Amino acid sequence: MRVAVGVDIEKIERIRKLYELYGDRFVKRIFSEDEIDYLNRKADPSPHLAGMWAAKEACIKVFGRISPKEISVMHEESGKPKLVLPENVAKRVISVDVSISHTGEYAVAAVVALLVD
């Protein structure tokens, strides 16, 4: 077993500009329908877009070659984020946690996983 950690930080304004420039094309390329539904419930989706994007990037740092579209960032009723991974990746995972936070300017995410070698 080994512990793997990935961290990513995104500037919210950069994600906001991408969203304004490319709209649904940007979002649908990266996020699942369930993730998009979650984002559409937010008055300002940009901080959440940035946080979920940072979580996907942190996840890629943990697991290596995986497409952001293959990773889903879901939320429990409490609001706690959780990752849904593709089966070929999940079979190597003993446990995985994700934490997402955002402020006025930045969103950051950390992923910690216990993996089978």
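Worth saying up front: this structure is predicted, and the values here are computed from it rather than measured.

A. The arrangement of the pairing of strand β3 (residues 81-84) in detail. Burial of the side chains of β3 is restricted to one face: P81 and L83 are buried, whereas none of K82 and V84 on the reverse face is. Bridge analysis of strand β2 (residues 72-75) against β3 gives four bridges, and the strand direction is antiparallel. In the strand pairing of β3, V73 is matched with L83. In this antiparallel pair of consecutive strands, β2 and β3, the connection spans five residues, and G79 shows a positive phi of 100 degrees.

B. Highlighting the sheet that holds strand β1 (residues 2-11). Here three strands make up an open sheet; going across it, the order is β1-β5-β4 and the pairing antiparallel. Looking along the sheet, the strands with just one partner apiece sit at the ends: β1 and β4 (93-102). Within this sheet the neighbouring strands show an average axis-to-axis angle of 10 degrees, counted without direction. Here β4 pairs with strand β5 (residues 106-115) via nine bridges, running antiparallel. In the sheet register, V98 faces β5, and the bridge partner there is V111. Its contacts with the sheet put helix α4 (residues 46-63) on β1, β4 and β5, and the angle it makes with β5 is roughly 30 degrees.

C. Geometry of the packing of helix α3 (residues 33-40) against α4. At a minimum axis distance of 10 Å, the contact between α3 and α4 shows a crossing angle of 150 degrees. It follows that α3 is roughly antiparallel to α4 by the angle criterion. Residue-level inspection shows E35, Y38 and L39 of α3 in contact with α4, the latter providing H48, L49, M52 and K56. Taken together, the residues of the contact of α3 with α4 sort by class into four nonpolar, one polar and two charged.

D. The arrangement of the environment of S32 in detail. Following the sequence through the fold, S32 ends up in the loop between α2 (24-30) and α3. Classification of S32 by relative accessible area gives buried; the value is 16%. Taking the C-alpha atoms as reference, S32 lies 6.8 Å from K69; in sequence the two are 37 residues apart.

E. Representation of the nonpolar core within the structure. Ranked by internal contacts, the top residues of the largest apolar core, which has 33 residues, are F31, F63, L83 and L85. When contributions to this core are tallied by element, the ones reaching two or more residues are α1 (12-22), α2, α3, α4, β4 and β5. In contact with F31, other than residues within four places in its own chain, are I36, L39, L49, M52, W53, K56 and K69.

F. Main features of the pattern of salt bridges. Inspection of every chain in the model, using the stated rule, returns eight salt bridges. The partner of E13 in a salt bridge is R16, with the nearest N and O atoms 3.3 Å apart. With E13 and R16 both in helix α1 and three residues apart, this pair spans about one turn of that helix. Take R16: its relative accessible area is 21%, and that puts it in the partly exposed class. Salt bridges here are not isolated pairs; linked through shared partners, they connect E13, R16 and D44.

G. Layout of the confidence of the model for the chain. On average, the chain scores 95 in pLDDT, and the residues at 70 or more come to 100%. The secondary structure element of the chain with the lowest average pLDDT is α2, at 92, and the one with the highest is β5, at 98.

Here is what the cut-offs are and how they apply
Residues numbered from 1 in each chain as written. Predicted model: local features only at pLDDT ≥ 70, side-chain atom pairs only at ≥ 80, totals over all residues. Heavy atoms only, no water. Buried < 20%, exposed > 50% of the residue type's maximum accessible area, 1.4 Å probe, protein only. Helix = DSSP H or I, 4+ residues; strand = E, 2+ residues; numbered from the N terminus. Pairing = 2+ DSSP bridges. Axes fitted to C-alpha atoms, helices over the stretch in contact; angles between N-to-C directions. Contact = heavy atoms within 4.5 Å. Parallel < 35°, antiparallel > 145°, perpendicular 65-115°, else oblique. Nonpolar A, V, L, I, M, F, W, Y, C, P; charged D, E, K, R; others polar. Core = buried A, V, L, I, M, F, W, Y, C linked by side-chain atoms within 4.5 Å. Salt bridge = Lys/Arg side-chain N within 4 Å of Asp/Glu carboxyl O. pLDDT = per-residue confidence, 0-100.

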